[in-house]
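Spelled out from the first residue to the last, the chains are:
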Amino acid sequence: MASADPVESTPLEASLGPTANAVAQAVASPPAAPSTAALVGDAAGARSPAPLGATDLIQAPASVKAATDDFFGGLVRRVERRP
Amino acid sequence: MRTITLSNNKGGSAKTTTTVSLAAAFAESGLRVLVIDLDPQGSSTSWLGGHESSVGLVEFSGGGIRVAELVQSTTARGVDLIPAGPSLVPSGEGSPNDTGVAIVRGLARLPDYWDLILVDTPPTVGYLSLAPLVATDHVVIPVEAHALALPGTASVVASIQRAREQVNTRVELLGIVACRVNATVHAREVIDQLRAAFGSAVLEQTVRETIRLAEAPALRMPITRYAPWSGAAQDYRAVASELLTRMGGTATIS
């Protein structure tokens, strides 16, 4: 006669211990879902989601203009300094 | 001899793909073409079967180096190459702007041997992308058909305007080429926005997205040789024809 498998005979909850208890508690009392008002509030606090448009296409960042002027300006000054 | 600089500050905009593909398409029509790889990553160099060299445009600018030492042959018939090299990135006491000046001088020293020079630039706003604007005749802006690619176009246009005002009165925007265009509503909307902002500067011809263009550099061949009858090869031939027309040329590429 085969003896009972000690592993199979161990209750699942007993093998998991505290983890099983935490899972059981979470299932019994899930965190409250955020209200619609809260979700709308989050969205309002975020940056405007305006899509990229024509304005973005024709407005170069100031940093680009500055870097360009710096390079070309330096070149012009070099030429002007030549004897 | 005309010089065309391929420029876009945004990475992944198909600058190298467009440089290599257009060079091969121009050469197919019988033009003598030189590609200058100013991107230290050397992608054009690798794609065209070249190799990084310690002799580059920076060294050439100082004199004492023959053109034959500078220029390499490529896997594209009729296309020569000045490869990327370590001197594109200054080391020691050299400043980036000194390197930029050397590039301008190097471009000015090139002999009037080629019909077209195409300059591939890195995706940054710096001396390697700005120096060619001092010596170039035209600028072509490849743009990926993707919303995030749009602002980069404005940056290049601003740089061209500033170059024309300050250092090179003849430089002009030859065209904006929409690349990696797929059959999505988004791609169509991006192209519509480009046309709304830049009008006729946007070429009629666009370049479709295809795996063939991703495979071609692995075999170090331009698309016109790797997959000569593919849609992308035909697209780039059509783009080359449109650009030649805009430059006042009469050649057609088929």
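Scroll up for the structure.
Here's a quick rundown of the structure. (Residues numbered from 1 in each chain as written. Chains lettered and ligands numbered in written order. Predicted model: local features only at pLDDT ≥ 70, side-chain atom pairs only at ≥ 80, totals over all residues. Heavy atoms only, no water.)

### Observations concerning the packing of helix 5 (residues 96–109) of chain B against helix 6 (residues 127–135) of chain B
All names here are of chain B.
Thinking step 1. Contact geometry of helix 5 with helix 6 gives a least axis separation of 9 Å together with a crossing angle of 35 degrees. Two packed elements cross with a definite hand, and for helix 5 against helix 6 that hand is right-handed. On the side of helix 5, the interface is formed by Pro96, Asn97, Thr99, Gly100, Ile103, Val104 and Leu107, while helix 6 contributes Tyr127, Leu128, Ala131, Pro132, Val134 and Ala135.
Thinking step 2. The class makeup of the residues in the contact of helix 5 with helix 6 is 10 nonpolar, three polar and no charged. (Axes fitted to C-alpha atoms, helices over the stretch in contact; angles between N-to-C directions. Helix = DSSP H or I, 4+ residues; strand = E, 2+ residues; numbered from the N terminus. Left-handed = near helix turned anticlockwise from the far one by under 90°. Contact = heavy atoms within 4.5 Å. Nonpolar A, V, L, I, M, F, W, Y, C, P; charged D, E, K, R; others polar.)

### Considerations on helix 5 of chain B
Thinking step 1. Compared with the 20 Å implied by 1.5 Å per residue over 14 residues, the 20 Å span of helix 5 of chain B between its first and last C-alpha is a close match.
Thinking step 2. Taken together, the buried positions of helix 5 of chain B are occupied by Thr99, Gly100, Val101, Ala102, Ile103, Val104, Gly106 and Leu107 of chain B. (Expected span 1.5 Å × (residues − 1). Buried < 20%, exposed > 50% of the residue type's maximum accessible area, 1.4 Å probe, protein only.)

### Let's talk about the sheet that holds strand 6 (residues 138–144) of chain B
Residues and elements named next belong to chain B.
Thinking step 1. The strand order across the open sheet built from seven strands is 3-4-2-5-1-6-7, with neighbouring strands paired in mixed fashion. What marks the edges here is a single partner per strand, and that holds for strand 3 (72–73) and strand 7 (172–179).
Thinking step 2. By the bridge criterion, four bridges tie strand 2 (residues 33–37) to strand 4 (residues 79–82) in an arrangement that is parallel. When the bridges of strand 4 are listed, isoleucine 36 appears paired with isoleucine 82.
Thinking step 3. Where helix 1 (residues 15–28) meets the sheet, its contacts fall on strand 1 (2–6), strand 2, strand 4, strand 5 (116–120), strand 6 and strand 7, and the angle it forms with strand 5 comes to roughly 165 degrees. (Pairing = 2+ DSSP bridges.)

### Regarding the pattern of salt bridges
Residues and elements named next belong to chain B.
Thinking step 1. Following the criterion strictly, the structure yields eight salt bridges over all chains and no others.
Thinking step 2. A salt bridge links glutamate 28 to arginine 237, with the nearest nitrogen and oxygen atoms 2.7 Å apart. Highlighted residues: glutamate 28 in helix 1 and arginine 237 in helix 11 (residues 231–246), separated in sequence by 209 residues. (Salt bridge = Lys/Arg side-chain N within 4 Å of Asp/Glu carboxyl O.)

### Structural notes on the side chain of asparagine 8 of chain B
Thinking step 1. Assignment of secondary structure puts asparagine 8 of chain B in the loop between strand 1 and helix 1.
Thinking step 2. Apart from the residues within four sequence positions on either side, asparagine 8 of chain B is in contact with Ser13, Lys15, Pro122, Pro123, Ile141, Pro142, Val143, Gly152, Thr153 and Val156 of chain B.

### Section: the interface of chain A and chain B
Thinking step 1. Taken together, the 21 residues of chain A in the interface contact 28 residues of chain B.
Thinking step 2. Summed over both sides, the interface of chain A with chain B buries roughly 2000 Å², with 69% coming from carbon and sulfur.
Thinking step 3. For the pair chain A and chain B, the interface holds one salt bridge.
Thinking step 4. A salt bridge links arginine 162 of chain B to aspartate 69 of chain A; the shortest N-O distance between them is 2.9 Å.
Thinking step 5. At the boundary of chain A and chain B, one finds three residue pairs in polar contact (both at pLDDT 80 or more).
Thinking step 6. Broken down by secondary-structure element, the contributors of at least two residues to the side of chain A that touches chain B are helix 4 (54–58) and helix 5 (62–81) of chain A.
Thinking step 7. Take the side of chain A that touches chain B: its biggest share by element is 12 residues, from helix 5 of chain A.
Thinking step 8. Partitioned by chemical class, the residues of the side of chain A that touches chain B number 11 nonpolar, four polar and six charged. (Buried area = accessible area lost by both parts, 1.4 Å probe. Polar contact = N/O pair within 3.5 Å; in protein donor to acceptor, adjacent residues only side chain to side chain.)

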